[in-house]
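# Overview (structure and organization)
Listed below are the residues making up each chain.
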Amino acid sequence: TLAIVGCSANGAPPPPPSGNPPAQRVRTPTPVPANDEEAIRQLIVAEGEEVVQQDIDRLQSMWASDGVVTDANRTSDHSADDKTGKNWGQIRDRYVNIVFPSNPAFAEHPNIRVTITNDTATAIADTKIGITNLKDNDTWTFRTIDGQWKVTSLTFSLATK
């Protein structure tokens, strides 16, 4: 009886499958920030890059586990229609089920204004993602956790209709 076990007649392993190798993610090295404000700006920029790359693991590393994401539904003065996700599980679901399927070619946050108070910070930023280009559309909060800045909340769609 002869069995085929994955080796050629000369005992060498079979050649690798033909075709293109899977695409590798190319990450831009993050420079070491000169100060806390720069670190927060880098975090916001990286969040946009990872949305485009659909890198859920890196996004998770940016968020506090008890983070909160809120869709203000373009009615910043009316919270009754807000949609809120609490903790990483709900934030992850939003990225995977709502953000990633839209497959944005870019997600940028220009005009970032940062305010730091001890180990917490806030930032207000414009949003450029897909066809959206809105001023003062996002409000972010941060805190230092184990010596690193983490996103604790993001409220988006603040610009009025």
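Here's a quick rundown of the structure. (Residues numbered from 1 in each chain as written. Predicted model: local features only at pLDDT ≥ 70, side-chain atom pairs only at ≥ 80, totals over all residues. Heavy atoms only, no water.)

## Comments concerning helix H1 (residues 36-53)
The following threshold applies: Only runs of H or I of at least four residues qualify as helices and only runs of E of at least two qualify as strands under DSSP, and these elements are numbered from the N terminus. Expected helix span is taken as 1.5 Å per residue step, with the number of steps being one fewer than the number of residues. Remark: exposure states derive from per-residue accessible area (1.4 Å probe, protein chains only) relative to the maximum for the residue type, with buried under 20%, exposed over 50%, and partly exposed in between. By the criterion applied in these results, polar contacts are pairs of N or O atoms within 3.5 Å in which, for protein atoms, one can donate a hydrogen and the other can accept it, and in which residues neighboring in sequence qualify only through two side-chain atoms.
Spanning 18 residues, H1 covers 25 Å between terminal C-alpha atoms, matching the ideal 26 Å at 1.5 Å per step. Among the residues of H1, those classed as buried are Ala-39, Ile-40, Gln-42, Leu-43, Ile-44, Ala-46, Glu-47, Gly-48, Glu-50 and Val-51. Of the residues flanking the start of H1, the one acting as N-cap is Asn-35, its side-chain oxygen 3.2 Å from the backbone nitrogen of Glu-37. At the exit of H1 stands Gln-54, carrying a positive phi of roughly 55°.

## A look at the packing of aromatic side chains
Any aromatic ring pair is given by two values, namely how distant the centres are and how the planes are angled relative to each other. For the record, the criterion: We call Phe, Tyr and Trp rings a pair once their centres come within 6.5 Å, taking the six-membered ring for Trp, and we label the pair stacked below 30 degrees between planes, edge-to-face above 60, and tilted otherwise. Two conditions define a charge sitting above a ring: the NZ of Lys or the CZ of Arg must be within 6 Å of the ring centre, and it must be within 35 degrees of the ring normal.
Evaluation of the coordinates by the stated rule reveals three aromatic pairs. Taken together, the ring pairs in this structure connect Trp-88, Tyr-95 and Phe-100 into an aromatic cluster. Over the aromatic face of Tyr-95 sits the side chain of Arg-94, whose NZ or CZ is 6.0 Å from the ring centroid.

## Quick notes on the layout of surface pockets
Convention followed: Residues are called lining when one of their atoms sits within 4 Å of a cavity or pocket point, these points coming from a 1 Å grid over the protein atoms alone, where a cavity is a set in which a 1.4 Å probe fits but cannot get out and a pocket is an open set with protein on both sides within 12 Å along at least five of seven lines. Grid points are joined across faces, edges and corners, and a volume is the space filled by probe spheres set on the points. Each residue is assigned to one of three groups, with Ala, Val, Leu, Ile, Met, Phe, Trp, Tyr, Cys and Pro labelled nonpolar, Asp, Glu, Lys and Arg labelled charged, and all others, Gly among them, labelled polar.
The space that makes up the largest pocket amounts to roughly 470 Å³. Together, 25 residues line the largest pocket, and Arg-94, Val-99, Thr-127, Ile-129 and Phe-156 are the ones closest to its centre. Secondary structure elements with two or more residues in the lining of the largest pocket: H1, helix H3 (87-99), strand E5 (120-129), strand E6 (132-145) and strand E7 (148-156). A breakdown of the residues in the lining of the largest pocket according to their chemical character gives eleven nonpolar, nine polar and five charged.

## Some points on the side chain of His-109
For clarity, the cut-off: Throughout, a contact is declared for two residues whenever any of their heavy atoms are within 4.5 Å.
By the secondary structure assignment, His-109 is in the loop between strand E3 (107-108) and strand E4 (113-117). By relative accessible area, His-109 is classed as buried at 14%. Among the polar contacts listed, one links the side chain of His-109 to the side chain of Glu-47, at a separation of 3.3 Å. Polar contacts involving the side chain of His-109 include one to the side chain of Asp-138, which spans 3.1 Å. When residues no more than four places from it in sequence are discounted, the contact partners of His-109 are Ile-44, Glu-47, Gly-48, Ala-125, Asp-126, Thr-127, Asp-138 and Trp-140.

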